[in-house]
Amino acid sequence: AQSVTQLGSHVSVSEGALVLLRCNYSSSVPPYLFWYVQYPNQGLQLLLKYTSAATLVKGINGFEAEFKKSETSFHLTKPSAHMSDAAEYFCAVSSPRGNKLVFGAGTILRVKS
Amino acid sequence: GAVVSQHPSWVICKSGTSVKIECRSLDFQATTMFWYRQFPKQSLMLMATSNEGSKATYEQGVEKDKFLINHASLTLSTLTVTSAHPEDSSFYICSARVPTGSYEQYFGPGTRLTVT
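Just so we're clear, the structure is a prediction, and the values are computed from it rather than from any experiment. (Residues numbered from 1 in each chain as written. Chains lettered and ligands numbered in written order. Predicted model: local features only at pLDDT ≥ 70, side-chain atom pairs only at ≥ 80, totals over all residues. Heavy atoms only, no water.)

Student: Would you take a moment to explain the overall build of chain B for this structure?
Tutor: Looking only at helices and strands, chain B features 0 helices and 11 strands. Taken from the N to the C terminus, the helices and strands of chain B come in the order β-β-β-β-β-β-β-β-β-β-β. Over its C-alpha atoms chain B spans a radius of gyration of 13 Å, differing by no more than 12% from the 13 Å that the globule rule assigns to 116 residues. Seen along its three principal axes, the alpha-carbon backbone of chain B occupies a region of about 40 × 25 × 20 Å. Looking at chain B alone, contacts between residues at least 24 apart form 54% of all its contacts between residues at least 6 apart. When the accessible surface of chain B is totalled, it reaches about 5500 Å², and 53% of it is carbon and sulfur. Counting 10 positive and 9 negative side-chain charges, chain B places the averaged centre of each group 5 Å from the other. (Helix = DSSP H or I, 4+ residues; strand = E, 2+ residues; numbered from the N terminus. Rg over C-alpha atoms; globule rule 2.2 N^0.38 Å. Contact = heavy atoms within 4.5 Å. Areas by Shrake-Rupley, 256 points an atom, 1.4 Å probe, with all protein chains shown as cover. Lys, Arg positive; Asp, Glu negative; His and termini not counted. Charge placed at Lys NZ, Arg CZ, Asp CG, Glu CD.)

Student: Teacher, can you tell me more about the state of the cysteines here?
Tutor: What makes a disulfide is a covalent bond joining the sulfur atoms belonging to two cysteines. Going through the model one piece at a time under the given rule, you end up with 2 disulfides over all chains. Each disulfide pairs two cysteine sulfurs, and for A:Cys23 the partner residue is A:Cys91, the sulfurs being separated by 2.0 Å. Every disulfide takes its handedness from the sign of the S-S torsion; for A:Cys23 and A:Cys91 that torsion is -60°, giving left-handed. Separated by 68 residues along the polypeptide, A:Cys23 in the loop between β3 (19-21) and β4 (24-26) and A:Cys91 in strand β10 (residues 87-94) bring together distant segments of the chain. This pair shows no difference in class: A:Cys23 is buried, exactly as A:Cys91 is. Shown here is the disulfide that connects B:Cys23 with B:Cys94, its sulfur atoms set 2.0 Å apart. The sign of the 80° torsion about the S-S bond sets the B:Cys23-B:Cys94 disulfide as right-handed. Here B:Cys23 is found in strand β3 (residues 19-25), whereas its partner B:Cys94 is found in strand β9 (residues 90-97), with 71 residues between them in sequence. Looking at B:Cys23, the relative accessible area reads 0%, which means it is buried. Free cysteine: B:Cys13, not disulfide-bonded; nearest cysteine sulfur from B:Cys94 at 18 Å. Taking the relative accessible area as the measure of exposure, B:Cys13 reaches 9% and is therefore buried. (Disulfide = S-S within 2.5 Å. Buried < 20%, exposed > 50% of the residue type's maximum accessible area, 1.4 Å probe, protein only.)

Student: I'm lost on the side chain of B:Ser90 in this one. Help?
Tutor: Residues and elements named next belong to chain B. Relative to the assigned elements, Ser 90 resides in strand β9. Under the relative-accessibility criterion, Ser 90 is labelled buried at 3%. One polar contact links the side chain of Ser 90 to the main-chain carbonyl oxygen of Gln 38, over a distance of 3.0 Å. Those residues in contact with Ser 90, other than ones at most four positions away along the chain, are Arg 37, Gln 38, Phe 39, Thr 111, Arg 112 and Leu 113. (Polar contact = N/O pair within 3.5 Å; in protein donor to acceptor, adjacent residues only side chain to side chain.)

Student: Which parts of the structure should I look at to understand the pairing of strand β6 (residues 44-50) of chain A?
Tutor: Each regular strand shows side chains that alternate between the opposite faces of the sheet. Residues and elements named next belong to chain A. Of all 7 residues that make up β6, 5 are buried, and the element is covered over most of its length. Across 6 bridges, strand β5 (residues 32-38) lies against β6 in antiparallel orientation. Its bridge partner being in β6, Tyr 36 is matched across the sheet by Leu 46. Between the end of β5 and the start of β6, which pair antiparallel, lie 5 residues, with Asn 41 showing a positive phi angle near 60°. (Pairing = 2+ DSSP bridges.)

Structure follows, in structure tokens:
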């Protein structure tokens with residue numbers, strides 16, 4: 001079975017500050033890991049994905065995440081927050097070629113001016 | 001590329017009626033599509049996996065007779081909520097899985113269902 005834990009249901013940062021959204025996973029097989037962003041009343045947009053290649057993954061909008069097997073983590077970071085980054089972020093795990101995405105509970109990011 | 005659409009984007013229906021939601025992959029063929037449900041301020045819950053040309057696979061606790069899924073072509077899956085009740089009001093999101101490579105899922109914009 002697979003599961004995802006996102007630490008912090010709400011994160012607040014100042015504009016220009018570092019964004020760090022935490023994600024820990026549990027998986028009995030090598031995982032594929034994803035970060036998605038959701039704006040109000042919209043679907044999910046893929047930010048980045050880890051699929052067993054490079055452990056440091058760069059995504060869209062300046063976000064990146066590092067897969068750390070020893071820590072079973074896949075934290076999302078961005079060096080400098082922008083007001084447009086305010087949204088809800090979901091971490092998800094699947095097995096390679098797996099059918100199912102298992103989502104974390106989500107983290108709402110607030111960016112203060 | 002990899003665009004998924006949903007129709008309608010929102011719908012209001014009366015209790016006891018049925019409503020159909022369409023999910024289309026616009027620029028790729030998707031042998032597998034997924035239906036999720038999202039309650040306010042909560043995460044996505046997988047309802048069922050829809051495979052083209054075969055019966056859908058439902059997650060535990062999801063009533064297959066209430067949530068009818070049809071995946072008649074490689075670009076279209078439909079979810080019909082039958083005999084809708086107010087507790088069925090939710091945000092329904094579909095996704096389509098890319099058939100090669102990382103098999104990632106691309107999500108539709110969602111359908112807001114309100115049952116009165």
